Amino acid sequence: MHQFTLSELQQHLHARDFSCRSLFEHLLTRITQYNTSLNCFIHINSDHALQQAELADKAFHQGNVTALTGLPIAHKDIFCTQHMPTTCASKMLANFTAPYESTVTAKLLDQGMICVGKTNMDEFAMGSSNESSFFGPCKNPWDISRVPGGSSGGSAAAVAAQLTPAATGTDTGGSIRQPAAFCGITGLKPTYGRVSRWGMVAFASSLDQAGVMTRDVADAALLLQAIAGHDAKDATSAIHPVPNYSATLMQSLAGKRLGLPKPMFENLQIDLEPAISVFKQLGATVHSVDLPHLALSVPAYYVIAPAECSSNLSRFDGVRFGHRCKDPADLQDLYQRSRSEGFGAEVKRRILMGTYTLSTGYYDAYYKKAQQIRRLIQQDFIDAFKSVDFLLGPCTPTTAFKLGEKQLDPLTMYLSDIYTIAINLAGLPALALPCGFQQDLPIGLQLIGNFFDEALLLNAGHQLQQQTHWHKATPASFN
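The notes below deal with the structure included here. (Residues numbered from 1 in each chain as written. Predicted model: local features only at pLDDT ≥ 70, side-chain atom pairs only at ≥ 80, totals over all residues. Heavy atoms only, no water.)

Attention now goes to the overall build of the chain. When helices and strands are tallied, the chain shows 15 helices and 11 strands. Whereas a compact globule of 479 residues would reach a radius of gyration of roughly 23 Å, the chain reaches 21 Å, a difference of no more than 12%. Taking the principal axes of the C-alpha coordinates as reference, the chain spans close to 65 × 55 × 45 Å. Sorting the 479 residues of the chain into buried and exposed places 60% on the buried side. When the accessible surface of the chain is summed, it comes to about 17,600 Å², and 52% of that surface belongs to carbon and sulfur atoms. The averaged location of the 40 negative side-chain charges in the chain is 2 Å from the averaged location of its 37 positive side-chain charges. (Helix = DSSP H or I, 4+ residues; strand = E, 2+ residues; numbered from the N terminus. Rg over C-alpha atoms; globule rule 2.2 N^0.38 Å. Buried < 20%, exposed > 50% of the residue type's maximum accessible area, 1.4 Å probe, protein only. Areas by Shrake-Rupley, 256 points an atom, 1.4 Å probe, with all protein chains shown as cover. Lys, Arg positive; Asp, Glu negative; His and termini not counted. Charge placed at Lys NZ, Arg CZ, Asp CG, Glu CD.)

Turning our attention to the packing of helix H2 (residues 20-38) against helix H3 (residues 46-62). Each packed pair of helices is defined by two parameters, the angle between the axes and the distance between the axes. Two elements in contact, H2 and H3, have axes whose closest approach is 8 Å; the angle formed by their N-to-C orientations is 155 degrees. Here H2 is positioned roughly antiparallel relative to H3, judged by the angle of their axes. Regarding H2 and H3, the two cross each other, and that crossing is right-handed. Residues Cys20, Arg21, Phe24, Glu25 and Leu28 of H2 form the contact with H3, whose own contacting residues are Ser46, Ala49, Leu50, Ala53, Glu54, Ala56, Asp57 and Phe60. For the contact of H2 with H3, the class distribution of residues is eight nonpolar, one polar and four charged. (Axes fitted to C-alpha atoms, helices over the stretch in contact; angles between N-to-C directions. Parallel < 35°, antiparallel > 145°, perpendicular 65-115°, else oblique. Left-handed = near helix turned anticlockwise from the far one by under 90°. Contact = heavy atoms within 4.5 Å. Nonpolar A, V, L, I, M, F, W, Y, C, P; charged D, E, K, R; others polar.)

With that out of the way, let us pick up the nonpolar core. Counting residues in hydrophobic clusters, the biggest one holds 143 residues, and the most contacted among them are Phe124, Phe279, Phe381 and Leu458. When neighbours within four sequence positions are excluded, Phe279 is seen to be in contact with Leu253, Leu258, Ala284, Phe390, Leu392, Leu447, Ala460 and Leu464. Counting residues in each nonpolar core, the second largest holds five residues, with Val147, Phe182, Ala400 and Phe401 among its members. (Core = buried A, V, L, I, M, F, W, Y, C linked by side-chain atoms within 4.5 Å.)

A word on the pattern of salt bridges. Note that side chains of opposite charge can pair when their charged atoms are close. This structure, assessed with the given rule, holds 13 salt bridges. Here Arg21 and Glu25 are joined by a salt bridge, their closest N and O atoms 2.8 Å apart. Pair noted here: Arg21 and Glu25 are both in helix H2, with a separation of four residues, about one helical turn. In this structure Arg21 comes out as partly exposed when scored by relative accessible area, which is 26%. Take Glu25: its relative accessible area is 36%, and that puts it in the partly exposed class. Asp389 is paired through a salt bridge with Arg257; the nearest N and O atoms lie 3.2 Å apart. Highlighted residues: Asp389 in the loop between helix H12 (363-384) and strand S9 (390-394) and Arg257 in strand S7 (residues 257-261), separated in sequence by 132 residues. Through salt bridges with shared partners, a single ionic network connects Arg21, Glu25 and Glu54. (Salt bridge = Lys/Arg side-chain N within 4 Å of Asp/Glu carboxyl O.)

This part is about the packing of aromatic side chains. Scanning the entire structure with this criterion turns up 18 aromatic pairs. An angle of 15 degrees between the planes, with centres 4.1 Å apart, marks the rings of Tyr302 and Tyr414 as stacked. Separated by 112 residues along the polypeptide, Tyr302 in helix H9 (residues 297-312) and Tyr414 in helix H13 (residues 410-414) bring together distant segments of the chain. Each member of the pair, Tyr302 as well as Tyr414, carries the same accessibility label: buried. Relative to Phe343, the ring of Phe316 has its centre 6.5 Å away and its plane inclined at 90 degrees; by these criteria the two rings are edge-to-face. You can see Phe316 sitting in the loop between H9 and helix H10 (331-342) and its partner Phe343 sitting in the loop between H10 and helix H11 (345-358), a full 27 residues away along the chain. The residues Phe316 and Phe343 share a single accessibility class, namely buried. When the ring centre of Trp198 is taken as reference, the NZ or CZ atom of Lys233 above it lies at 4.1 Å. Above the plane of the ring of Phe401 lies Lys406, whose end atom (NZ or CZ) is 4.3 Å from the centre. (Phe/Tyr/Trp six-rings, centres within 6.5 Å; stacked < 30°, edge-to-face > 60°. Lys NZ or Arg CZ within 6 Å of the ring centre and 35° of its normal.)

On to a nonpolar patch on the surface, then. A cluster of nonpolar side chains, contributed by Val319, Leu331 and Tyr335, occupies part of the molecular surface with about 250 Å² of accessible area. For Val319, a relative accessible area of 37% puts it in the partly exposed group. (Patch = residues over 30% accessible without salt bridge, like charges linked within 9 Å, V, L, I, M, F, W, Y side chains within 5 Å.)

So, on to unusual backbone geometry. The amide bond that connects Gly150 to the next residue, Ser151, takes the cis arrangement and shows omega of 5 degrees. Within the secondary structure, Ser151 is located in the loop between strand S3 (114-119) and helix H5 (153-160). Here the phi dihedral of Phe452 falls at roughly 60 degrees; this positive angle occurs in a residue that is not glycine. Along the polypeptide, Phe452 turns up in the loop between strand S11 (441-449) and helix H15 (454-467). According to the relative accessible area criterion, Phe452 is partly exposed, its value standing at 23%.

The topology assignment puts Thr186 in strand S5 (residues 186-189). At a separation of 3.1 Å, a polar atom in the side chain of Thr186 contacts the side chain of Gln465. (Polar contact = N/O pair within 3.5 Å; in protein donor to acceptor, adjacent residues only side chain to side chain.)

Turning our eyes to something else, we now look at the pairing of strand S2 (residues 72-76). Judged by how many residues are buried, S2 sits mostly within the fold: five of five residues are covered. Residues Pro72, Ala74 and Lys76 of S2 are buried on one face, and the alternating residues Ile73 and His75, pointing to the opposite face, are buried as well. Sheet topology places S2 next to S3; five bridges connect them, and they run parallel. Bridge pairing in S3 places Pro72 opposite Ile114. Taken together, S2, helix H4 (residues 103-110) and S3 constitute a β-α-β crossover, and its handedness is right-handed. (Pairing = 2+ DSSP bridges. Right-handed = clockwise from strand over helix to strand, strands pointing away.)

Before going further, it helps to examine the pairing of strand S10 (residues 430-438). Of all nine residues that make up S10, seven are buried, and the element is covered over most of its length. For S5 and S10, the ladder comprises three bridges, and the chain directions are antiparallel. Note that in S10 the partner of Lys189 across the bridge is Ala430. Pairing of S10 with S11, which is carried by seven bridges, proceeds in the antiparallel orientation. Within S11, the residue paired with Ala432 across the bridge is Gln446. Counted along the chain from S10 to the antiparallel partner S11, the turn is two residues long, and its residue Gln439 has a positive phi close to 55 degrees.

Right, let's get into H12. In an α-helix, one turn spans 3.6 residues, which is why side chains three or four residues apart end up on the same side. The end-to-end C-alpha distance of H12 is 31 Å, a good match for the 32 Å that 22 residues give at a rise of 1.5 Å each. Approximately 25 degrees is the largest bend angle found in H12, and it occurs at Lys369. Contact partners of the buried residues in H12: H9, H11, S9, helix H14 (421-426) and S11. (Expected span 1.5 Å × (residues − 1). Bend = angle between axes of the 7 residues up to and from the residue.)

Geometric values such as these leave the question of function open.
Quick look at the structure:
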């Protein structure tokens, strides 16, 4: 049962080939068995998931079901949930359980999906390797000596190891697409505002975007349909119609214009040509496009994101919730020791960077300038989409690197997201897809679309997967 995709499970459950209870017993047994070696789950939702599975079985017997009833999913531990802790992989929130559900998790619950647990991540989503987690690093199922990518590494590893057919993730600078590429799965980052951020613990509010991680594009379309749409509780949620994403997956790509951004292919260490050839065979025409300000995306991001992080994380002060130091001498001591003890090294580094760039005398020189560069980067993409329908590029410069290899060199770690950050700065949608192997490790590409053009990306990604088998490969140790 663990080898089925969401769409396949949907068919089997509706045919009553097996019960929801038996499905979840099987998956929870696998999670318990393999989580010791992978460390991809922070919390396993065993008892509650089995109770929900029994309710789903009753709903099937009564004929009162939706398309998603009884299907399993895992949630990145950054989404607030009522029945499970929400830790953001931080000591600061190690004992926190939210009194409400995030919009994303609530929508999936309302449609009958059942959560198997909360997945490991970089602390407060700050990292590219899942090594900054207070609960220890997650491992890559293809090689447990390597990172799964970050910050949504736990979700990616859980899907790749077939512990769950799908998981939620968040993407601030590549945190869905980079781990999807490292773990050989499908990862979708929607347009900024396409999916509500309400109840998703904020890192950088103008960049954060909820998305999904699945084994194939068809499942990603199914889940995006469920979570997309305007949310009155989120001021950044877009009022924009939600199309039927599954209905357009089989449309022809004949005549579609595929753009290859020149800066993304300079000195590239992974081979995307086989995937490009498939798109040509499907009828797409290939064009070279320029993104002249792409090289500025990393420095602009690492001014903007830490600045917003500094502001958002100021609420964790040891007063209202979260970690509180013992026996503070006064209020200043309470703030200082609670935050020093509660936050890890990477989070502290970004808070300090952000506070510095927002301080008097430096705001104009750094933060304002970075926002101006951000607008130039966005305009580059707008100009590119005047001549092409979608873009193709790498997700990462290399395959998954070794655990500890970049941990002591933050700058090198930051460059892991060199191909993904610009898309977040521009607010565009992007879809990560497996596209082969290099030295037995998965490599991934990303398709980048115009604003709210997720339907075209899903269509193109699905057509690629209809012609290839890269997305069907699984790590031998977890079959």
